[in-house]
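A look at the structure
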Amino acid sequence: MKNPKRKKQNSLFPIYLFLTTYILVHLYNYSFTIFGFVLAAILSTLGITHLLKTSKWISRHLSSELLNIDEIPDREFQQLLVPLFQKQGYSVSRTKVNRKAQPDLILRKKGLKAIVVAKRQTNQVSANFVHDVLALKPNYQARRVIIVTNSQFTKSAKRIARANKITLIDRDSLDAMLDSYLEQKKSHRFIQRVRTLLIKDEVKREAQE
């Protein structure tokens, strides 16, 4: 469904273009100097707007690229999730031993207990994996199940998750969580990079403990 606001803006674009051209022509005939200043201001505004839109798109993926989440060990990937959930108000505890039949993190908040399973892989997460994670829920008396991946989920995996109220966090959602945690949109690119690298070092130390 098309956005009505965007549709209205598109319908007014020819009018804005005509008015801008009309004013520029009159300014050119009146004073070439003023015409030059106004034209430069318009072009600068358009350039800055385009740059801001482009930088926002890039920033969505910059955190995960700097943290190199596709290459870090599984234990570091799990530790990376700890501050992201803590930011949401959860108390987070990690499981001590790496086993298949157990969650990676246990979350608690206001009497609610949730289990988190982190799956770092290149392929899409399958429905069978979601089934396996769902089987852990009664063992830990959890009210909520969360699966986080650096990849995506298959359509069948999403269907099973919806039917069983499992929260799926794919690569795009993970990028958004990282962006929110690092406050990228409020930071200079250099500061953002320093923050990301500092968190990467902290995650590595915590994972080795």
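Look a little higher up for the structure.
Residues numbered from 1 in each chain as written. Predicted model: local features only at pLDDT ≥ 70, side-chain atom pairs only at ≥ 80, totals over all residues. Heavy atoms only, no water.

Before going further, it helps to examine the packing of aromatic side chains. In the structure shown here, the tally under the stated rule is 1 aromatic pair. With a centroid separation of 6.3 Å and an interplanar angle of 80°, the aromatic rings of Phe85 and Tyr90 are classed as edge-to-face. One cation-aromatic arrangement involves Lys109 over Tyr90; the distance from NZ or CZ to the ring centre is 4.3 Å. (Phe/Tyr/Trp six-rings, centres within 6.5 Å; stacked < 30°, edge-to-face > 60°. Lys NZ or Arg CZ within 6 Å of the ring centre and 35° of its normal.)

Once that is clear, we can look at helix α4 (residues 127-134). Looking at α4, one finds that the buried residues are Ala127, Phe129, Val130 and Val133. All buried residues of α4 lie within an arc of 160° about the axis, which places them on one face of the element. Exposed side of α4, more than 90 degrees from the buried face: Asn128 and Asp132 are the residues found there. Tucked inside the fold, the buried residues of α4 contact β3 (112-119), β4 (144-149) and α5 (155-163). (Buried < 20%, exposed > 50% of the residue type's maximum accessible area, 1.4 Å probe, protein only. Helix = DSSP H or I, 4+ residues; strand = E, 2+ residues; numbered from the N terminus. Arc of directions from axis to C-beta. Contact = heavy atoms within 4.5 Å.)

Over its 12 residues, helix α6 (residues 171-182) extends 16 Å from the first C-alpha to the last, a length consistent with the 16 Å expected when each residue adds 1.5 Å. Residues Arg171, Leu174, Asp175, Met177, Leu178, Asp179 and Leu182 constitute the buried set of α6. The backbone nitrogen of Asp172 has a side-chain oxygen 3.3 Å away, supplied by the residue at the start of α6, namely Asp170. (Expected span 1.5 Å × (residues − 1). Polar contact = N/O pair within 3.5 Å; in protein donor to acceptor, adjacent residues only side chain to side chain.)

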